[in-house]
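Topology and contacts: notes
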Amino acid sequence: MHLRTLHRLIRLPATLITRSVCTWLLALALGYGLPIVHTPAQANNPLEYKVKAAFIYNFIAFTQWPDGVADHTINLCIYGEDPFGKEIDKLQEKSVGARSIKVLRMQNAGQLKQCQVIFFSRSADDNLTGILSGLASAPVLTLADNPNVISQGIAINMNLVNDKIVFEINLGIARKNGLDISSKLLQLAIKVHQ
């Protein structure tokens, strides 16, 4: 569509009906005349991480820790760069049964033993395998949102597929860590690794 044609459409008579029809036709022409640009979700997408924060809350709610672990407070740790911002802090206003959630941001892998849930950001990928081996058999629910980390020992990994958040569960790792993941959560996973 040429610029002159658009200019003519804008200068049509000013009656309300004509202007409404012209506006609708212009919108239609622009909508079909211009290529659609699809921008894949990026790590700094606030809506994506708002949804992922809600998923994390449900992961916590449908996970059972061994007796004596996480009886009163669940320490949810974000390791590496924090993609959530204030969204993850809203979980501190919620509780899971009688347990409260405390959000901690960590940069030192040596401090991760105090966590019951750890979300590993993409910035932690370089040393993820080493950190996970240090947490082996500890009652910790490990989470991430990076393809291919489930094979490295992450218990639950979230992915964005067709603009929807989906997740896979490494049940073998969860059980090795002494965690019991509800069958309801297992049924919602796109894949469960044994």
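For the structure, check the block above.
Rules and cut-offs
Residues numbered from 1 in each chain as written. Predicted model: local features only at pLDDT ≥ 70, side-chain atom pairs only at ≥ 80, totals over all residues. Heavy atoms only, no water. Helix = DSSP H or I, 4+ residues; strand = E, 2+ residues; numbered from the N terminus. Buried < 20%, exposed > 50% of the residue type's maximum accessible area, 1.4 Å probe, protein only. Contact = heavy atoms within 4.5 Å. Areas by Shrake-Rupley, 256 points an atom, 1.4 Å probe, with all protein chains shown as cover. Pairing = 2+ DSSP bridges. Expected span 1.5 Å × (residues − 1). Core = buried A, V, L, I, M, F, W, Y, C linked by side-chain atoms within 4.5 Å. Disulfide = S-S within 2.5 Å. Phe/Tyr/Trp six-rings, centres within 6.5 Å; stacked < 30°, edge-to-face > 60°. Lys NZ or Arg CZ within 6 Å of the ring centre and 35° of its normal.

Each helix and strand in the protein chain was counted, giving 7 helices and 10 strands. Expressed as a percentage of the 194 residues in the protein chain, the buried residues total 39%. Contacts in the protein chain between residues far apart in sequence, at least 24 positions, make up 57% of those at least 6 positions apart. When the accessible area of the protein chain is evaluated, it comes to approximately 11,500 Å², of which 56% is carbon and sulfur surface.

The 8 strands lie next to each other as β3-β4-β2-β5-β6-β7-β8-β10, forming an open sheet whose pairing is mixed. With one partner strand each, in any of the chains shown, β3 (95-96) and β10 (191-193) form the two edges of the open sheet. Pairing geometry for strand β8 (residues 164-170) and β10, over 3 bridges, is parallel. Counted as the bridge partner of N170 is H193 from β10.

This next bit is on helix α3 (residues 46-61). The α-helix advances 3.6 residues per turn, and as a result positions three or four apart in sequence lie on the same side. Helix length check: α3 (16 residues) gives 23 Å between terminal C-alpha atoms against 22 Å at 1.5 Å per residue, within 8%. Every buried residue of α3 is listed here: E48, Y49, K52, A53, I56, Y57, F59 and I60.

Before going further, it helps to spend a moment on the environment of I101. Mapping I101 onto the fold places it in strand β4 (residues 99-106). As for I101 and V117, which are separated by 16 residues in sequence, their C-alpha atoms are 9.9 Å apart. Every residue in contact with I101, bar those within four places of it in the chain, is listed here: Y57, I60, I74, L76, L91, Q92, K94 and V96.

Within the largest apolar cluster, 35 residues are counted, with the highest numbers of intra-cluster contacts made by I56, F59, I60, L76, I88, L141 and I156. Element by element, the count of residues in this core is highest for α3, at 6 residues. I156 has contacts with F59, L141, T142, L143, A144, I150, F167, E168, I169, I181 and L185, leaving out every residue within four places of it along the chain. By size, the runner-up hydrophobic cluster in this structure holds 18 residues, among which are M106, I131, A138 and I154.

What follows concerns the state of the cysteines. As used here, a disulfide is simply a covalent bond connecting the sulfur atoms of two cysteines. Taken as a whole and assessed by the stated rule, the structure comprises 1 disulfide. Across the disulfide from C77 sits C115; the S-S distance is 2.0 Å. Judged by the sign of its S-S torsion, about -95°, the bond between C77 and C115 is left-handed. Taken together, the residues span a long stretch of sequence, with C77 in strand β2 (residues 73-79) and C115 in the loop between β4 and β5 (117-120) at a distance of 38 residues. Accessibility assignment for this pair places C77 and C115 in one class, buried.

Scanning the entire structure with this criterion turns up 6 aromatic pairs. Each ring, one from F55 and one from F167, has its centre 6.0 Å from the other, and the planes form 75°; the classification is edge-to-face. Of this pair, F55 sits in helix α3 while F167 sits in strand β8, and the two are 112 residues apart along the sequence. With a relative accessible area of 5%, F167 lands in the buried category. Every member of this aromatic cluster is reached through a ring pair, and the members are Y49, F84 and F119. Across from the ring centre of Y49, 4.7 Å away, lies the NZ or CZ of K52, which sits over that ring.

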